[in-house]
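Inside the fold
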Amino acid sequence: MLPFGTDANEKHLDDILSYIDEHQDEFVQNLKEWMAVPSDSSDPELRSEVTRMMNITAERIKTLGGNVEIVDMGFEKLYDGRSIPFPPAILAELEKDPAKATVCFYGHVDVQPASKEDGWKTDPYNMTEINGNLYGRGATDNKGPVLAWIHALETHKSLKQDIPVNLKFIIEGVEEIGSPGLADLIAGHLQFFSDVDYIVISDNVWLSKKPALTYGTRGNAYFFVEVESGQKDLHSGTFGGIIHEAMRDLVYILANLVDSSGHIVIPGIYDDVAPLTEEENKLYENIEFDLEEHKNSSGVDTFLYKTKEEILQHLWRQPSLTIHGIEGAFSGTGTKTVIPSKVIGKFSIRQVPNMRIPEVEKQVTKHIEDVFARLHSPNKLKVYLTIGAVPWVANIDDLQYKAAKNAVTKVFGVIPDMIRDGSTIPLAKTFHDLTQKSVMMLPIGGADDGEHSQNEKISRSNYIQGTKLFASYFHELSKLHKDLIDAKQLKN
Ligand SMILES: NCC(=O)N[C@@H](Cc1c[nH]cn1)C(=O)O
Ligand SMILES: [Zn+2]
Ligand SMILES: [Zn+2]
């Protein structure tokens, strides 16, 4: 093996990058096959598809020569009383050379729901390339990036080149429903993490056209609020006007959570939000963010805030409350004249440091009970927390951030922006807290990829350049890690 940092080693990396370019059609075809699996973790009817997707992923890692453990995750108890199996999780490892750095890659291969009726231009499960963009569910979140990691490794194998780092994988199939059971899996497998040096997640997007490294995410506290008036739905002509309608109660509650300026009206909810320091305030100045482009790609003309600083702060370091939907409500086409008997409102709060889930749960429950009490309604009210994912902020001085910066500079020719993300990686903080290892997010998705939205995509360019980025990251990291070990040895 050649020592890293030599010209010959640079030549090896250049060969790898060229190979990735030359094999890009194959890599796109592989993504098409993965995206054809409707691995929607939120739909109990599609649970077997998530399991199938986990098995496909495990096989792929096995063909890389990896040691793969498929971990049974038990059963999920649904709110209707049924139990269905959770998809298994994958723990895998590739290479085990004590002289090399060990990187653990975490990703997920489940997806958000998608159907053509929601307004997709193309079939969400039949990847379609239009103008250099690969459209379909899971393109960017998270099948594309997971495959890009695998392709970066496969390229080393195909060229019979030594992979400069040891690799571990933790891949799951329930991230989109808040990663239930995964924290316990990590806690029960601390031995697996004992020789890991760096944990990397590639499950978010850049903020602009400029590549970025992500060092923070918001958390998510997801609530169900259930109002029940009786056993069955009723005719609104025969009963309308003489009963306390569950839907009216629920709509009143939902209307009393957040005001029209985006301010959450739940008492105490902002109490624990970390104060903005002078140092943090300065960080926003240099971040590339085009407000008009952001509006264009979201399809929204007017945001709640006007400046870059306000927008980034409200995405990264302020909580937000979103009302997602109402289960049990009439939502079809037509004019059904029904009074729904039981409706479940769903909303979530993206929380930020230093908010705490138990406190948020108490504040939300008390507030909803107080609002409901104003109605003097005889209906039954239930409030429950279904996901409690915590926010995460990392130390950007960790060595792997430097390696990733170098890799971005090599592949994209620019120094990446250091950003946070308004969305949630339920396990990011868990990884850090339980393993005490450095955690970094290395995104390859574009700002306009439309995660969770209709017409989700990843551009061919980001997918292929992203694959090169991962390959370069292995090389940059191995150089810096080696320097670090040498420096430590010299000190002793
Ligand atoms: N790409 C990350 C992502 O989409 N994460 C989900 C995780 C989640 C949070 N609550 C339920 N799932 C997100 O919505 O942020
Ligand atoms: Zn994701
Ligand atoms: Zn997602």
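Everything quoted here is computed from the prediction, not taken from an experiment.

Turning our attention to the coordination of the zinc ion (ligand 3). Around the zinc ion (ligand 3), the donor atoms from the protein are D141 (OD), E176 (OE), E176 (OE) and H452 (NE2), and they sit 2.0 to 2.5 Å away. Read in sequence order, the donor residues for the zinc ion (ligand 3) give the motif D-x34-E-x275-H. Metal-to-metal, the separation of the zinc ion (ligand 3) and the zinc ion (ligand 2) is 3.3 Å; D141 coordinates the two. One end of the pair, D141, is in the loop between strand 7 (133–135) and helix 4 (143–158); the other, E176, is in the loop between strand 8 (166–172) and helix 5 (182–188), and 35 residues separate them in sequence.

As a further point, take the sheet that holds strand 7. Pairing is antiparallel in the open sheet, where three strands are placed in the order 6-7-20. Sheet topology places strand 6 (128–130) and strand 20 (457–459) at the edges, where each strand pairs with a single neighbour. Here the strands of the sheet are splayed against their neighbours by 25 degrees on average, with no regard to which way each runs. In terms of strand pairing, strand 7 meets strand 20 through three bridges, oriented antiparallel. Bridge pairing in strand 20 places L134 opposite I458. Across the sheet, helix 14 (residues 460–491) lies against strand 6, strand 7 and strand 20, angled at about 65 degrees from strand 20, the strand it touches most.

Let's shift gears to the UniProt feature "binding site: Mn(2+) 1" (unreviewed entry) in the protein. As annotated in UniProt, the feature "binding site: Mn(2+) 1" (unreviewed entry) corresponds to D141, E176 and H452 in the numbering used here. A compact arrangement is adopted by the annotated residues: their sequence extent is 312 residues, whereas the largest C-alpha distance between any two is 9.5 Å. On the basis of relative accessible area, D141 is assigned to the buried category, the value being 4%. Those residues in contact with D141, other than ones at most four positions away along the chain, are H108, D110, V111, E176, D203, E451, H452 and E456. Residues within four places of E176 in sequence aside, it is in contact with S41, H108, D110, V111, Q112, D141 and H452. There is a polar contact of 2.9 Å between the side chain of E176 and the side chain of Q112.

Definitions and limits used
- Residues numbered from 1 in each chain as written.
- Chains lettered and ligands numbered in written order.
- Predicted model: local features only at pLDDT ≥ 70, side-chain atom pairs only at ≥ 80, totals over all residues.
- Heavy atoms only, no water.
- Donors = N, O, S within 2.8 Å, 3.2 Å for Na, K, Ca; no water.
- Helix = DSSP H or I, 4+ residues; strand = E, 2+ residues; numbered from the N terminus.
- Pairing = 2+ DSSP bridges.
- Axes fitted to C-alpha atoms, helices over the stretch in contact; angles between N-to-C directions.
- Contact = heavy atoms within 4.5 Å.
- UniProt positions renumbered as here; feature names shortened; annotations may be inferred.
- Buried < 20%, exposed > 50% of the residue type's maximum accessible area, 1.4 Å probe, protein only.
- Polar contact = N/O pair within 3.5 Å; in protein donor to acceptor, adjacent residues only side chain to side chain.

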